[in-house]
Amino acid sequence: MPYKHGVYGVQVPTTDVLPPSGVGTLPVYIGTAPVQQLADPAAAINVPILINSFEDAKEKIGYSDDWATFTLCEAVYAHFKNRIQPIGPIIVINVMDPEVHSSPASVSVPIVNGVGYLDQPAVLDSIEIAGKVKGTDYTAEYAPDGRVKITALTSLDNPSDVTFNKMDVSEVQPADVIGGNTDDVRTGIAAVDLVYQTLNQIPTLLAAPGWSHIKEIKEALVAKAQQINGHWDAIVIADLSSGSEADTIQKAIAWKAANGYTDVSLKVGWPKVTSAGRTFWASTLIAVRMQQTDFANDNVPYVSPSNKQVDISGTVLESGAPIVFDELQANELNQHGITTFTFRGGIWVVWGPHNANYEYGGPEIDPKNVFDASIRMMRYITNSFQQRYMSLIDGPLNRSVVDTILNDAGAWLNSLVADGKLLSGEIRFNETSNPTSSIVEGDFVFDIRTTTTPVAKSLTFVVQYTTAGLSTLFGGES
């Protein structure tokens, strides 16, 4: 250490902003990531990867600002770089394989002082310079800024003609995102089954921004969200198209109905949004807001993300063209089960407390399925009971164990009621639900009755004029 005498100032690199700990809601994103930047890309393909921060994402799946090619990078940025509250963790499942989803490319790279940079998503093993030998005449590696750094070990032409395989999202098909289970190897959306098995995490939100506006992918997400691993129920957050076929409010409403985006477990967003020159799919921002809202409420999803602030500056179509509408028009979307965004009170907020099944004036809806918060709350309760009591399976069920479950579960339900997270909740062990034929097979049923807390969708204050106050002009009382 050098001798010092005086006052010194030292600047150090900015540290990554970490999300708060203890977040319960867990979004799972399926899409594409720049894994060609990794030393071992194969380890990050079709497997659930837990991401805790922006820097963590760069290490585990790479990062690129080319969100159209690498859709998972949008989710990473939205969660960990938003200006309201960085929030995580998230889980990502990358389906993009450098060995499969790439195409030949070539470019001339200027070499300055023995170093050149290739600003393309190149597969490292495929990089070649004509007449030169990698490792002998040059090296190629990804730099921290996401570019490929080419370092000359011997004399290289300036510029040098470099050929390589370029990551190509057009090679990724909906079938790659949907995936499947072949010989017990899960890929794409089917890899959601591995979240609990490999990470001991319960997936509660499924999303595939950049892909979920494709009907087959939406349907695969909805199917997967039911009874994951035979147990867990999740919610899907998807996008409606905002292309030319759905570039107006009326077209979006018609597109939603025509393509069957009407599932109870589905929350849909329209249109896309913009923030600081970046464009996001609606589903990404809705998922971020849900996680932020749940964290602010003890990780219990009884509060709708609607009317909560999001880090955006406007709404846009797929073309990038702005689309401006007011709250009345946003309500028109809401009444058809479409969640959108609106500017009110000086901030932009998510706007729409329903899931995609909602249709105002349409067929009667089960009361528990009217609001997004109620739908999620019912899933939260069933998931919680399964998680709390799985250790009792294959143990003896005597009266003492029954009483323990009733007392423990009853206290938990009562605490939710006391906090206003439920209006009522009770658990019973009824003889009528447990016939002898079921008991001898070891099958037992506990009956739970609950009322979720309704969402205050509207408040109306009725004001009436009266002449009674005129008497005050003459000193009387009104």
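The following refers to the structure shown.

Definitions and limits used
- Residues numbered from 1 in each chain as written.
- Predicted model: local features only at pLDDT ≥ 70, side-chain atom pairs only at ≥ 80, totals over all residues.
- Heavy atoms only, no water.
- Helix = DSSP H or I, 4+ residues; strand = E, 2+ residues; numbered from the N terminus.
- Buried < 20%, exposed > 50% of the residue type's maximum accessible area, 1.4 Å probe, protein only.
- Contact = heavy atoms within 4.5 Å.
- Areas by Shrake-Rupley, 256 points an atom, 1.4 Å probe, with all protein chains shown as cover.
- Lys, Arg positive; Asp, Glu negative; His and termini not counted.
- Charge placed at Lys NZ, Arg CZ, Asp CG, Glu CD.
- Polar contact = N/O pair within 3.5 Å; in protein donor to acceptor, adjacent residues only side chain to side chain.
- Phe/Tyr/Trp six-rings, centres within 6.5 Å; stacked < 30°, edge-to-face > 60°.
- Pairing = 2+ DSSP bridges.
- Axes fitted to C-alpha atoms, helices over the stretch in contact; angles between N-to-C directions.
- Salt bridge = Lys/Arg side-chain N within 4 Å of Asp/Glu carboxyl O.
- Core = buried A, V, L, I, M, F, W, Y, C linked by side-chain atoms within 4.5 Å.
- Expected span 1.5 Å × (residues − 1).
- Arc of directions from axis to C-beta.

## Looking at the overall build of the protein
Okay, so step 1: Within the protein, the secondary structure is distributed over eleven helices and 21 strands.
Okay, so step 2: Projecting the C-alpha coordinates of the protein onto the three principal axes gives extents of approximately 95 × 80 × 65 Å.
Okay, so step 3: The burial tally for the protein puts 48% of its 478 residues in the buried class.
Okay, so step 4: Taking contacts inside the protein between residues at least 6 apart in sequence as the whole, the part at least 24 apart equals 68%.
Okay, so step 5: Accessible surface, the protein: about 23600 Å² in total, of which carbon and sulfur atoms supply 52%.
Okay, so step 6: Looking at the protein, you have 31 positive and 52 negative side-chain charges, and the mean spots of the two groups are 5 Å apart.

## Quick word on the side chain of Asn 94
Okay, so step 1: Within the fold, Asn 94 resides in strand β3 (residues 90–94).
Okay, so step 2: Look at Asn 94 and you get buried, because its relative accessible area is 1%.
Okay, so step 3: A polar contact is formed between the side chain of Asn 94 and the backbone nitrogen of Ala 33, at a distance of 2.8 Å.

## Describing the environment of Pro 121
Okay, so step 1: You can see Pro 121 is positioned in the loop between β5 (115–118) and β6 (128–129).
Okay, so step 2: Sequence separation between Pro 121 and Thr 382 is 261 residues, and the spatial gap between their C-alpha atoms is 44 Å.
Okay, so step 3: Contact partners of Pro 121, with chain neighbours within four places excluded, come to Gln 36, Phe 70, Tyr 142, Asn 165, Lys 166 and Met 167.

## Structural notes on the packing of aromatic side chains
How two aromatic rings sit relative to each other is set out by the distance from centre to centre and by the angle between their planes.
Okay, so step 1: This model, assessed by the stated rule, comprises 13 aromatic pairs.
Okay, so step 2: A ring pair is formed by Trp 67 and Phe 280, whose centres lie 5.0 Å apart and whose planes are at 55°; its orientation type is tilted. Here Trp 67 is found in the loop between α1 (54–60) and α2 (71–80), whereas its partner Phe 280 is found in strand β16 (residues 278–280), with 213 residues between them in sequence. With respect to burial, Trp 67 and Phe 280 carry one shared label: buried.
Okay, so step 3: Taking the centre distance of 5.4 Å and the plane angle of 90° together, the rings of Phe 385 and Trp 412 count as edge-to-face.

## Brief notes about the sheet that holds strand β17 (residues 314–316)
Okay, so step 1: Across the sheet, three strands lie side by side as β16-β15-β17; this open sheet has antiparallel pairing. The sheet terminates laterally at β16 and β17, the two strands that pair on one side only. Taken pair by pair, the neighbouring strands of this sheet meet at an average axis angle of 40°, ignoring direction.

## Observations concerning the pairing of strand β9 (residues 160–167)
Okay, so step 1: Pairing of strand β4 (residues 102–109) with β9, which is carried by eight bridges, proceeds in the antiparallel orientation. Residue Ser 106 lies in a different strand from β9, and its bridge partner there is Thr 163.

## As for the pattern of salt bridges
Pairing between side chains of opposite charge can happen when the charged atoms of each approach one another.
Okay, so step 1: One pass over the full model with this rule turns up 19 salt bridges.
Okay, so step 2: Among the ionic pairs, Arg 147 bridges to Asp 145, the shortest N-O distance being 2.9 Å.
Okay, so step 3: By relative accessible area, Asp 145 is classed as partly exposed at 47%.
Okay, so step 4: When the shortest N-O distance is used, the salt bridge between Lys 224 and Asp 193 registers 3.0 Å. Separated by 31 residues along the polypeptide, Lys 224 in helix α5 (residues 215–224) and Asp 193 in the loop between β11 (185–187) and α4 (194–199) bring together distant segments of the chain.
Okay, so step 5: For Lys 224, a relative accessible area of 18% puts it in the buried group.

## Comments concerning the nonpolar core
Okay, so step 1: If you look at the biggest cluster of nonpolar residues, it comprises 89 residues, and the most contacted ones within it are Ile 30, Trp 270 and Phe 341.
Okay, so step 2: Judged by nonpolar contacts, the second largest core, of 15 residues, contains Ile 381, Leu 413, Leu 416 and Ile 427.

## Some words on the sheet that holds β4
Okay, so step 1: Judged by pairing direction, the sheet is antiparallel, and its three strands sit side by side in the order β4-β9-β6 without closing on themselves. The open sheet has two edge strands with one neighbour each: β4 and β6.

## As for helix α10 (residues 399–418)
Okay, so step 1: Its 20 residues give α10 an end-to-end C-alpha distance of 28 Å, which sits within 8% of 28 Å, the value for a rise of 1.5 Å per residue.
Okay, so step 2: For α10, the set of buried residues is Val 401, Val 402, Ile 405, Leu 406, Ala 409, Gly 410, Trp 412, Leu 413 and Leu 416. Buried residues along α10 cover an arc of 165° about the axis, so they all sit on one side. Exposed residues lying more than 90 degrees from the buried face of α10 are Asn 407 and Ala 418.
Okay, so step 3: Of the surrounding elements, those touching the buried residues of α10 are α9 (372–389), β20 (422–428) and β21 (447–452).
Okay, so step 4: N-capping of α10 is provided by Asn 398, with a side-chain oxygen placed 3.1 Å from the backbone N of Ser 400.

Distances and angles like these do not, on their own, reveal function.
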